[in-house]
Every structure is written in C-alpha cells, then in structure tokens.
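The residues making up each chain are set out below.
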Amino acid sequence: AALFEKLDDAFFRFFDRRRFRRAKPAIGERFRAVLMIGGDGVEADVRDVSMRGVGLAVTDQTSAHLIVDEAVPIDLFVPGTESVVRVEAVVRHLTSTEDGVRAGFSMEPAPRETSKRRAKRAIAALSDYVQRRLDEMERHDPASR
C-alpha cells in the first residue's frame, strides 16, 4: 500500500493489484461464459477467473454493448461439472487485442439464483476449480506464484 501511494498513476498498469489470484483454464480446455446483453445470451470464453473477478474474450460486436462500471449478468459454466455460477458482474475494463477484446469484470460470489442449495454447490464447484487450476499452474510454472 505504501508503494502505491508513492507511484504516479501512469505506473499502475504495470502492477497486478487484485486481491484474489486468477486461474487460467488448462490448455485445450474451454471455460464457457454467457453474458446477458439486451435480453440475449452471448457466449464468450473465460481467459482467467477468481472468486471475485473474471476476464473474458469477447468479440468487437459484443464489446460495443458493454460499458465500464455497468452491471452485466453472467453465467459461468464450470468445466468438468454440471455447475453454472450465475453472477451479477461489473465491467471494469475493455482492452483491444489481436483476437478481439479482453473484457475484465469484478463479481460478487452471491449469484442470481432461486435455489440456495444449487447456488452453494455452484460456488463450491467454482472455488474447487480455481484452486485446482492455481495448484496446477504453480506445479508447472514456479514463476506464477
């Protein structure tokens, strides 16, 4: 915290200030998300995820409907399970890449779900997935610690 107080704002982009480490899907694994935009479900691929945030690869067309600091309902389909975590996420950034747009979202673990039991199972599945992937990432790349 003391370091960030001394830095000029221009240097913040060089530091990862997230409170929760994000896990990336395994190579060849698809982690699917569906954003609800204007009443329509729009598919996207998860690039990284934690219990409080998610990075998605979206098309230019999809990003045109996203506004920084606006809420977007997102369904996260946890790989290897039948679990779907339904969250209200907030757009934090939109960054153009060679392949489209990288959209970063913050999210609360409290899902938009009618069944509390199903919601708790889905959150547990996401938590297990994130921890498993972090463990795998550390095993294969000590620099990711």
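Refer to the structure printed above.
Residues numbered from 1 in each chain as written. Predicted model: local features only at pLDDT ≥ 70, side-chain atom pairs only at ≥ 80, totals over all residues. Heavy atoms only, no water.

Where do I start with helix α3 (residues 116-140) in this structure?
Given 3.6 residues to a turn, an α-helix orients residues that are three or four positions apart in the same direction. Taking 1.5 Å per residue, 25 residues should reach 36 Å; α3 reaches 36 Å between its end C-alpha atoms and fits that length. Along α3, the residues that are buried comprise Ala119, Ala122, Ala125, Leu126, Tyr129, Val130, Arg133, Leu134, Glu136 and Met137. Residues of α3 that are buried sit in contact with β2 (40-49), β4 (71-77), β5 (84-97) and β6 (100-107). (Helix = DSSP H or I, 4+ residues; strand = E, 2+ residues; numbered from the N terminus. Expected span 1.5 Å × (residues − 1). Buried < 20%, exposed > 50% of the residue type's maximum accessible area, 1.4 Å probe, protein only. Contact = heavy atoms within 4.5 Å.)

Looking at this structure, I do not really get the packing of aromatic side chains. What am I missing?
Aromatic rings considered in pairs are described by the distance between their centres and by the relative angle of their planes. Under the defined criterion, the tally for this structure stands at one aromatic pair. For the pair Phe31 and Tyr129, a centre-to-centre distance of 5.2 Å together with 85° between the ring planes defines the contact as edge-to-face. Of this pair, Phe31 sits in the loop between α1 (2-6) and β1 (32-37) while Tyr129 sits in helix α3; the two residues are 98 residues apart in sequence, bridging distant segments of the chain. Overall, Phe31 belongs to the buried group, its relative accessible area being 1%. (Phe/Tyr/Trp six-rings, centres within 6.5 Å; stacked < 30°, edge-to-face > 60°.)

Would you mind going over unusual backbone geometry with me for this structure?
A negative phi angle is the norm for most residues apart from glycine, just as the trans form is the norm for most peptide bonds. If you check the backbone angles, Asp69 has positive phi at about 75° while not being a glycine. As for its position among the elements, Asp69 is in the loop between α2 (60-63) and β4.

No statement about biological role is implied by the geometric values presented.
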